[in-house]
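Here's the letter readout for the chains.
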Amino acid sequence: MQLSVIIPCYNEEAVIAETCRQLTEVMKKLPHGYELIFVNDGSRDATLQILRELAEKDSAVKVLGFSRNFGHQCAVAAGLRHCAGDVAVIIDADLQDPPAVILEMLDIMKATQANVVYGVRKHRKGESWFKLFTAKIFYRLLNYLSDVKFPVDTGDFRLMDRQIINEFNALKEKNKYIRGLISWMGFKQVPCYYEREERFAGETKYPLRKMLRFAMIGLFYFSKKPLKLATSLGFFCVFLGLAFVLWMFVSRFFLGGITVQGWISTIAIVVFFGGVQLLTIGVLGQYIGNIFDETKGRPEYIVSEKIHFD
Ligand code: UDP
Ligand code: MG
C-alpha cells in the first residue's frame, strides 16, 4: 500500500522544513511506501526554495508549484489530482494537525473498513476567540441551511481511500468546498478525535477576507435556502403592507386620526424595504456570480513547476 500526504503551503518558510522532518519521521514508522506532496500555492517568501532543497535530498518529497496564489482549496485539489497513493491524507503545513494522528487514522480505517477518516478537533489551542466563535456559528448555520449534514468542528485534515480520491477528481466544480464535498459523497466516513495544536511558527494565512470567501462558497454551493429568503420576505412584506392599509382605514374613519403626520414612519418603511430589496438582489447576485465562475471554463489553478512527478 502507498500513502500520499498532501500539504498545501502558502508563505510557510518558518515551518516547512520542520513539517517535512516530522512527517518523514512518522512515515518511516509505516510499513508502506509514501510520498509527501507539497503544493506551493504561489508563496512570496522562501517556501519554494526550501522545498526544492528538501526534494533534492529526498525523492519521497514531491513539489507542485502554482504560478500564483490560487487558494488553499485549489492547492489541496491539485494534490489529490496528482497523488499516486492508494490512500491519501490532507494536512496543514503549520503542524496544527499533529502528524502522529495520521497513524491513528490509518488504524481506524483498517479497523472500521471506512472510506474516509476525518479529524474532529477536540480543542483548538492558541486561536482567537473571534475565530472560534465565528467558526462555531458558521458550521452550525451551514448545517441548518444545507440539505447535506456535515460533521461539525472538522477541517480538511482527513484520510481517504482511492475510491473517494477518484470520485473527488471527477468532480467538475471549480470553487471547491472540500470538506463539504467529501461529506456529500457518502460511503463510510468515521471520525478521529484529536487535539488541534497551536501553529508551530508564522502567522495564519487566512485573513478575514479569505475566511469570508471560503464561508460564502460553503454556503452558496451547498444550500438553495438563501434564494427562498426572497419569497419569504416577499410574503412578509405583502402582509405587513396590508396590515398598514387596514390600520390607515381604521385610524382615519373610526379613531379620527390625521394621516398626514408620521413622516418618520414613512421614511423608515422606504429605507427598510429598500434594504430588503437590495439584500435579495445581493443573494441572487451571489448565485449568478457563482454560475459565472463555473461557466468560464478557466482551470482551477496553473501549475508552473513539478518536482519528482514522472
Ligand atoms: N494555505 C494555502 N493557500 C492560501 C492560504 C493558506 O495553501 O491561500 C495553506 C497554509 O499554508 C496552511 C493551510 O492552508 O497549510 C491552512 O492555513 P492556515 O494554517 O493559515 O489557516 P488557519 O489554520 O489559521 O485556519
Ligand atoms: Mg493553521
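Cut-offs and rules
Residues numbered from 1 in each chain as written. Chains lettered and ligands numbered in written order. Predicted model: local features only at pLDDT ≥ 70, side-chain atom pairs only at ≥ 80, totals over all residues. Heavy atoms only, no water. Donors = N, O, S within 2.8 Å, 3.2 Å for Na, K, Ca; no water. Buried < 20%, exposed > 50% of the residue type's maximum accessible area, 1.4 Å probe, protein only. pLDDT = per-residue confidence, 0-100. Helix = DSSP H or I, 4+ residues; strand = E, 2+ residues; numbered from the N terminus. Patch = residues over 30% accessible without salt bridge, like charges linked within 9 Å, V, L, I, M, F, W, Y side chains within 5 Å. Areas by Shrake-Rupley, 256 points an atom, 1.4 Å probe, with all protein chains shown as cover. Salt bridge = Lys/Arg side-chain N within 4 Å of Asp/Glu carboxyl O. 1 Å grid on protein atoms, 1.4 Å probe; cavity = no way out; pocket = protein on both sides within 12 Å on 5 of 7 lines; lining within 4 Å. Points joined across faces, edges and corners; volume = space filled by probe spheres on them. Nonpolar A, V, L, I, M, F, W, Y, C, P; charged D, E, K, R; others polar. Near = heavy atom within 4 Å. Polar contact = N/O pair within 3.5 Å; in protein donor to acceptor, adjacent residues only side chain to side chain. Sits in = over half its atoms within 2 Å of the grid points. Axes fitted to C-alpha atoms, helices over the stretch in contact; angles between N-to-C directions. Left-handed = near helix turned anticlockwise from the far one by under 90°. Contact = heavy atoms within 4.5 Å. Lys, Arg positive; Asp, Glu negative; His and termini not counted. Charge placed at Lys NZ, Arg CZ, Asp CG, Glu CD. Pairing = 2+ DSSP bridges.

1. Here's the deal with the coordination of the magnesium ion (ligand 2)
Here is step 1 of the chain: Those protein atoms acting as donors to the magnesium ion (ligand 2) are Asp94 (OD) and Gln96 (OE1), and they sit at 1.9 Å. One exposure class covers both Asp94 and Gln96, and it is buried.

2. Thoughts on the confidence of the model for the protein
Here is step 1 of the chain: Summing up the model confidence of the protein, the mean pLDDT is 89 and the portion of residues at 70 or higher is 98%.
Here is step 2 of the chain: Looking at the elements of the protein, mean pLDDT is at its lowest for helix α9 (residues 225–253), recorded as 80, and at its highest for strand β4 (residues 87–90), recorded as 97.

3. Structural notes on a nonpolar patch on the surface
Here is step 1 of the chain: Together, Phe244, Val245, Leu246, Trp247, Met248, Phe249, Val250, Phe253, Phe254 and Leu255 give the surface a local cluster of nonpolar side chains, amounting to about 1,100 Å² of exposed area.
Here is step 2 of the chain: Position of Phe249 relative to the elements: it lies in helix α9.
Here is step 3 of the chain: The class of Phe249 is partly exposed, set by a relative accessible area of 45%.

4. Topic: empty space enclosed by the protein
Here is step 1 of the chain: All chains considered together, the criterion is met by 1 cavity of 30 Å³ or more.
Here is step 2 of the chain: Approximately 70 Å³ is the volume attributed to the largest cavity.
Here is step 3 of the chain: Residue assignment for the lining of the largest cavity shows that the elements contributing at least two residues are α5 (129–145), β6 (154–161) and α7 (178–185).
Here is step 4 of the chain: With 3 residues, the single largest contributor to the lining of the largest cavity is α7.
Here is step 5 of the chain: Taken together, the residues of the lining of the largest cavity sort by class into 5 nonpolar, 3 polar and 2 charged.

5. Concerning the site of ligand 1
Here is step 1 of the chain: Neighbouring residues of ligand 1: 19 residues in total, closest Glu12, Asp94, Gln96, Thr204 and Lys205.
Here is step 2 of the chain: Here an oxygen atom of ligand 1 sits 2.7 Å away from a polar atom, N or O, in the main chain of Pro8.
Here is step 3 of the chain: Residue Asp41 places a side-chain N or O atom 2.7 Å away from a nitrogen atom belonging to ligand 1.
Here is step 4 of the chain: Here ligand 1 is seated within the largest pocket.

6. Some remarks on the packing of helix α6 (residues 162–169) against α7
Here is step 1 of the chain: Where α6 meets α7, the closest approach of the two axes is 11 Å, and the angle between their N-to-C directions is 115°. As for the relative orientation of α6 and α7, their crossing is right-handed in sense. Across the interface between the two elements, Ile164, Glu167 and Phe168 from α6 touch Ile178, Leu181, Ile182 and Met185 from α7.

7. Observations regarding a positive patch on the surface
Here is step 1 of the chain: Side chains of Lys149, Lys224, Lys225 and Lys228 sit close together on the surface and give a patch of like positive charge.
Here is step 2 of the chain: Under the relative-accessibility criterion, Lys224 is labelled exposed at 58%.

8. Focus on unusual backbone geometry
Here is step 1 of the chain: Not every positive phi belongs to a glycine, and Asn11 is a case in point at roughly 50°.
Here is step 2 of the chain: By relative accessible area, Asn11 is classed as partly exposed at 21%.
Here is step 3 of the chain: Of note in the backbone geometry, Gln113 takes a positive phi value of approximately 60° without being a glycine.
Here is step 4 of the chain: As for its position among the elements, Gln113 is in the loop between α4 (101–112) and β5 (116–124).

9. Here's the deal with the sheet that holds β6
Here is step 1 of the chain: One open sheet accounts for 8 strands, arranged β7-β5-β6-β4-β1-β2-β3-β8; its pairing is mixed. One side of each edge strand has no neighbouring strand; the edge strands of this open sheet are β7 (189–196) and β8 (303–307). For this sheet, the mean angle separating the axes of adjacent strands, direction not counted, is 20°.
Here is step 2 of the chain: Sheet analysis places strand β3 (residues 61–66) next to β8, joined by 4 bridges and oriented antiparallel.

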